[in-house]
Amino acid sequence: MSAWERFGFTRWLLFGIVAFCLLSEAEISVGQEQPTDAKSLPIKSVKPGINENFLNPNLKVEEWVERFEVESREVFTARNEVLAALELQPGMRVADVGAGTGLYTTLMADQVGTEGWVFAVEIAVPFVEHLREVARRHNQDNVTPVLCDEDAISLPPELLDLVFTCDVYHHFEYPQSTLATILSALKPGGRFVVVDFEKIPGVSREWLLEHVRADKMTVRQEIEQAGFEFVVEKKVKGFQENYFLVFRKPM
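Everything in this summary refers to the structure shown in the same document. Predicted model, so just to flag it, every value in this text is computed and none were measured. (Residues numbered from 1 in each chain as written. Predicted model: local features only at pLDDT ≥ 70, side-chain atom pairs only at ≥ 80, totals over all residues. Heavy atoms only, no water.)

A closer look at the side chain of Asn51
Along the chain, Asn51 falls in the loop between helix 1 (3-33) and helix 2 (61-68). For Asn51, a relative accessible area of 6% gives the class buried. A polar side-chain atom of Asn51 sits 2.9 Å from a polar atom in the side chain of His171. Excluding residues within four positions of it along the chain, Asn51 makes contact with Ile123, His171 and Glu173. (Helix = DSSP H or I, 4+ residues; strand = E, 2+ residues; numbered from the N terminus. Buried < 20%, exposed > 50% of the residue type's maximum accessible area, 1.4 Å probe, protein only. Polar contact = N/O pair within 3.5 Å; in protein donor to acceptor, adjacent residues only side chain to side chain. Contact = heavy atoms within 4.5 Å.)

Laid out in structure tokens, this is it:
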């Protein structure tokens, strides 16, 4: 992709995101003018406070780097195996939803190459600023940090080939609406990959049993009910507490 083509794509993307947000605001305004009924009532949080730490404007990114990018964390030590399981190809457009410190964003940006693009989606402003700096440090012009809402990934329709979440699904406070925006942002046939924690009474650590809202089967059911097709559960070497599920947007 030439520099001029990349500029054109970036300009198109920014226009699309702005238009998408303005349209969403207009729809909300119209909705507010209608009489209140069951369908227009606010969606309830499935786990209030689960993102409290990340919505703190005083969040210290360096503390989360120490927690996320450490050998004791499965998704860090198995990162190359996870990356291989994603089967990324040059030119793909990918969203790393809940990108955090940018561990997988950086890896994926190398995989999709200069003709591809990675959108690093976060609800935390300090993380978005950090992701921008990480991309600059790695000379990755194909990374766009995106500040999203708590109930939406804030990307235009049919933009993406793949949406990836890693230890993030259990932080979806409004899974129904968030999944709807993921489904919309994917191209027909696009994949949605969920890496998250097992929740098995008597097996999982007590912290996981308390922290993680839903077990694997519940997660799968929620995603299928949102309109996705289940594809496969992949076994990842090094995973003991985590699982890797692949879904697809119907053609």
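There is more to say after this.
Observations concerning the pattern of salt bridges
All chains considered together, the criterion is met by eleven salt bridges. A salt bridge links Arg73 to Asp167; the shortest N-O distance between them is 3.4 Å. One end of the pair, Arg73, is in the loop between helix 2 and helix 3 (74-77); the other, Asp167, is in the loop between strand 4 (160-166) and helix 7 (175-185), and 94 residues separate them in sequence. Comparing Arg73 with Asp167, the two get one shared label, buried. Salt-bridge contacts for Glu233 lead to Lys235; the nearest nitrogen and oxygen are separated by 3.7 Å. Lys235 sits in the exposed class, given a relative accessible area of 72%. A cluster of three or more residues bridged by salt bridges with shared partners is formed by Glu198, Lys216, Glu233 and Lys235. (Salt bridge = Lys/Arg side-chain N within 4 Å of Asp/Glu carboxyl O.)

A look at the pairing of strand 2 (residues 117-122)
Looking along a regular strand, one sees side chains alternate from face to face of the sheet. Within strand 2, six of the six residues are buried, which leaves the element mostly enclosed by the surrounding structure. The two faces of strand 2 match: Trp117, Phe119 and Val121 on one face and Val118, Ala120 and Glu122 on the other face are all buried. Of the strand pairs in this sheet, strand 1 (residues 93-97) and strand 2 are connected by five bridges, and their pairing is parallel. Looking at the pairing, Val94 lines up with Val118 of strand 2. Between the parallel pair strand 1 and strand 2, the chain is carried across by helix 5 (residues 103-112), and the sense of this crossover is right-handed. Sheet topology places strand 2 next to strand 3 (residues 143-147); five bridges connect them, and they run parallel. Residue pairing in the sheet places Glu122 in a bridge with Leu147 of strand 3. (Pairing = 2+ DSSP bridges. Right-handed = clockwise from strand over helix to strand, strands pointing away.)

Thoughts on unusual backbone geometry
Even without a glycine there, the phi angle at Glu87 is positive, about 55°. Here Glu87 shows up in the loop between helix 4 (79-86) and strand 1. The partly exposed category is assigned to Glu87, whose relative accessible area is 48%.

Here's the deal with the pairing of strand 5 (residues 186-197)
The buried fraction of strand 5 is high, at nine of twelve residues. A crossover links strand 4 with its parallel partner strand 5, the connecting element being helix 7, and its sense is right-handed. Two strands pair when backbone bridges link them, and strand 5 and strand 7 (residues 242-248) are joined in this way by seven bridges, in the antiparallel orientation. Bridge pairing in strand 7 links Val195 to Phe244.

Topic: the sheet that holds strand 1
Strand order in the open sheet formed by seven strands is 3-2-1-4-5-7-6, with mixed pairing between adjacent strands. Bordering the open sheet on either side are strand 3 and strand 6 (229-234), each of which pairs with just one other strand. Neighbour-to-neighbour, the strand axes of this sheet turn through a mean angle of 20°, independent of strand direction. In the packing of helix 7 onto the sheet, the strands contacted are strand 4 and strand 5, and the crossing angle to strand 5 comes to about 140°. (Axes fitted to C-alpha atoms, helices over the stretch in contact; angles between N-to-C directions.)

A short note on the packing of aromatic side chains
Centre-to-centre distance and the angle between the planes together describe a pair of aromatic rings. Scanning the entire structure with this criterion turns up nine aromatic pairs. Geometrically, the ring pair formed by Phe192 and Phe247 is tilted, given 6.3 Å between the ring centres and 35° between the ring planes. Placement of Phe192 in strand 5 and of Phe247 in strand 7 is noted, with a sequence separation of 55 residues between them. Over the ring of Phe76 we find Arg79; its NZ or CZ atom is 4.1 Å from the centre of that ring. Between Arg220 and the ring centre of Phe230, over which it is positioned, the NZ or CZ distance is 3.7 Å. (Phe/Tyr/Trp six-rings, centres within 6.5 Å; stacked < 30°, edge-to-face > 60°. Lys NZ or Arg CZ within 6 Å of the ring centre and 35° of its normal.)

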